[in-house]
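Structural characterization, general
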Amino acid sequence: MPKQTIIINELDNVAVALSDLKTGEECEGVVLREDISKGHKFALKDIEEGEQVVKCGNPIARASQQISAGSHVHIHNVRTNLSENLEYTYEKVETELKQVKSRKVNVYHRAGGEIGIRNELWVIPTVGCVNGQAKLIVETFKRRYGTEGFDGVFAYTHPYGCSQLGDDRERTKLILQKMVRHPNAGGVLVLGLGCENNQMDEFKKSLGWVDDSRIKFLACQEAEDEIETGVQLLNQISEIICHDQREEDDISCLKIGFKCGDSDGLSFITANPLVGRVSDYIIATGGTSVLSEVPKMFGTEQLLMNRARDEEVYLKIVKLINGFKDYFRRNGLTVYENPSPDNKAGGITTLEEKSLGCTQASGSGSVEDVVFDDGFVTVRGLNLLNGPGNDMCAVTNLGAAGCHLVLFTTERGTPFGGFIPTVKIAANTDLANKKSNWIDFNAGAVSDSDFDTQTEKLLSLITDIANGKKTRNEINDSREIAIFKTGVIL
């Protein structure tokens, strides 16, 4: 009979239901006082009012009333431990990763020593006014010339680039500039209108040097027929990139981002710890992994701080956390808002419980650097990246910072994909079977197998994707970008 419950850590005072449980059943030595849905928690002992609720060996909430053994533990009887800015301390935890056998990948070597895992042709509008033209240029080019010799041509549209002020305008420009330089693109057509406040001349000037055989610029107001001109510019670029060839390299050349999507109570057990093992492997080979979604660090930030390489990195993490809390407060919001309705329905009770699952994806390596809005990931090892938890913004930020692909864990499923390969990892087999057209990997198989076997399988898939195998989002042409905004639009 399959296991029905799990105690994740010996310090825990709650257990998690692996299937729907009924009142009166005896589980983990206690008799259930009420029905417990799959993914939800029940008390292993009496928990007094004010006492910490412990899951995965860490506090995730405080009891708001007395909770009897066998009772459901959820939003009705606990409260968050989170509050405003905290006083942090640096108590370094030494981390040591085991030696691993590396593996080879076949990638594109770009100017400046960067590598790409795709050789795509992109059209990037500087302003939303030309989104239609960008799409029409791509459609016309594909119809006339096809995509033989490279991995496809895509337009990455967005609604921004005009009537923006201050930081928002700069962030739009910066994200788009980072995309122009991304090594998964063999070449890019930057498409503007001409009158937007994200001006093409300034865009080019602050972008710096580019290979003008691969990066072209077009302001639609300056061309008599912008569609025909754009198609011809794409054709010029395609004649260059179609000669690019994959070359063998070590898997340590990869920069892999992590994204925790919608969660349930099982996210601690399968997908996130599995991705954490992949992170440790990549770091052990000398590669790079990147954890973002700062609000999903709230409540577990001290664990990350204690893994900082040194005090300089520790202070960067403090700045990262407090900076995002300040952003919440500037908008009149608390820093301890509960997770989404779907998360609650799946058994996630507090933001710190959600965060504890998300940070598992970082593995156990030391934090080597923190990257803020204007930076790229340049330090090998585990990096933290500034940005929100929103799926589209987070994946866009990870790609813009230099990640080649993203491992995206999900318990309920999403078809979303970013401008870099977005690998959907299902936390349970039911989702993997139901939405096989969305899901790339079934982490639920851990329940019937073991972590070592599934880690090896996921690493093999990552190798195949780096070598050119398409992810589900690529097959479905589900490719979106979203630029994080905080300010005023005129």
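Details of the structure are given in the entry above.
Presented here is a report on the structure given in the accompanying data block. Treat the numbers as computed from the prediction; the structure is a model and nothing was measured. Every chain begins its residue count from 1, and numbering advances along the sequence as written. Whole-chain, interface and lining totals are the exception, using all residues; otherwise, since this is a predicted model, local features are given only for residues with pLDDT of at least 70 and side-chain atom pairs are given and counted only at 80 or more. Only heavy atoms go into the side-chain values, all of them from the structure, while hydrogens and water stay out.

1. Looking at the environment of lysine 255
A run of H or I in DSSP becomes a helix once it reaches four residues, and a run of E becomes a strand once it reaches two; helices and strands are each numbered from the N terminus. Considering the arrangement of structural elements, one finds lysine 255 in strand β17 (residues 255–260). The spatial distance from the C-alpha of lysine 255 to the C-alpha of serine 289 is 5.7 Å, given a sequence separation of 34 residues. Here, two residues are considered to be in contact whenever any of their heavy atoms come within 4.5 Å of each other. Other than its neighbours up to four places away in sequence, lysine 255 contacts Glu114, Thr288, Val377, Gly402, Cys403, His404 and Leu405. Each polar contact in these results corresponds to two N or O atoms within 3.5 Å; when the atoms are within protein, one needs to be able to donate a hydrogen and the other to accept it, and residues that are neighboring in sequence are counted only if both atoms are side-chain atoms. One polar contact links the side chain of lysine 255 to the main-chain carbonyl oxygen of valine 377, over a distance of 2.9 Å.

2. As for the sheet that holds strand β11 (residues 115–116)
Read from one edge to the other, the open sheet built from three strands follows the order β11-β10-β16, with strand pairing classed as antiparallel. If you trace the sheet from one side to the other, it starts and ends with β11 and β16 (247–250), each paired once. Strands are labelled as partners when DSSP assigns at least two bridges between them. Two elements, strand β10 (residues 104–109) and β11, share two bridges in a ladder whose sense is antiparallel. By the bridge assignment, histidine 109 is partnered in β11 with isoleucine 115.

3. Some words on the environment of threonine 172
Summarising the element assignment, threonine 172 is placed in helix α2 (residues 166–180). Taking the C-alpha atoms as reference, threonine 172 lies 9.6 Å from cysteine 162; in sequence the two are ten residues apart. For threonine 172, the side chain forms a polar contact with the side chain of glutamine 164, separated by 3.1 Å.

4. Digging into the packing of α2 against helix α3 (residues 200–207)
Angles shown run from 0 to 180 degrees and are taken between the N-to-C directions of axes, each axis being a line fitted to C-alpha atoms and, for helices, limited to the stretch in contact. Across the interface, α2 lies against α3 with an axial gap of 11 Å and an inter-helix angle of 60 degrees. Our classification of the angle between α2 and α3 gives oblique. For the crossing formed where α2 meets α3, the hand is right-handed. On α3, the residues that touch Lys173, Leu176, Gln177 and Val180 of α2 are Glu202, Phe203, Ser206 and Leu207. Per-class residue counts for the contact of α2 with α3 are four nonpolar, two polar and two charged. Under this scheme an angle from 65 to 115 degrees is roughly perpendicular, one under 35 degrees roughly parallel, and one over 145 degrees roughly antiparallel; angles in between are oblique. Should the near helix be turned counterclockwise from the far one by less than a right angle, the crossing is left-handed, whereas a clockwise turn marks it as right-handed. Each residue gets one label: Ala, Val, Leu, Ile, Met, Phe, Trp, Tyr, Cys and Pro are nonpolar, Asp, Glu, Lys and Arg are charged, and the others, such as Gly, are polar.

5. Points about the packing of aromatic side chains
Only the six-membered ring of Trp is used, alongside the rings of Phe and Tyr, when aromatic pairs are assigned; centres must lie within 6.5 Å, and planes under 30 degrees apart are stacked while those over 60 apart are edge-to-face, with the rest tilted. Scanning the entire structure with this criterion turns up 13 aromatic pairs. Between the aromatic rings of phenylalanine 141 and tyrosine 145, the centroid separation amounts to 5.4 Å while the plane-to-plane angle is 40 degrees, which identifies the pairing as tilted. Of this pair, phenylalanine 141 and tyrosine 145 both sit in helix α1 (residues 131–145), four residues apart, roughly one helical turn. Relative accessibility thresholds used throughout: buried, under 20% of the residue-type maximum; exposed, over 50%; partly exposed, between the two (1.4 Å probe, protein chains only). Take phenylalanine 141: its relative accessible area is 0%, and that puts it in the buried class. Aromatic side chains phenylalanine 324 and tyrosine 327 sit 5.2 Å apart centroid to centroid with 75 degrees between the ring planes, which places their arrangement in the edge-to-face category. With phenylalanine 324 and tyrosine 327 both in helix α7 (residues 311–330) and three residues apart, the pair spans about one turn of that helix. Grouping residues by exposure puts phenylalanine 324 and tyrosine 327 together as buried. Working rule: Lys NZ or Arg CZ, within 6 Å of ring centre, within 35 degrees of ring normal, means a charge sits over the ring. One cation-aromatic arrangement involves lysine 435 over tryptophan 438; the distance from NZ or CZ to the ring centre is 4.1 Å. Positioned above the aromatic ring of phenylalanine 154 is the side chain of arginine 479, whose terminal nitrogen or guanidinium carbon lies 3.6 Å from the ring centre.

Distances and angles like these do not, on their own, reveal function.
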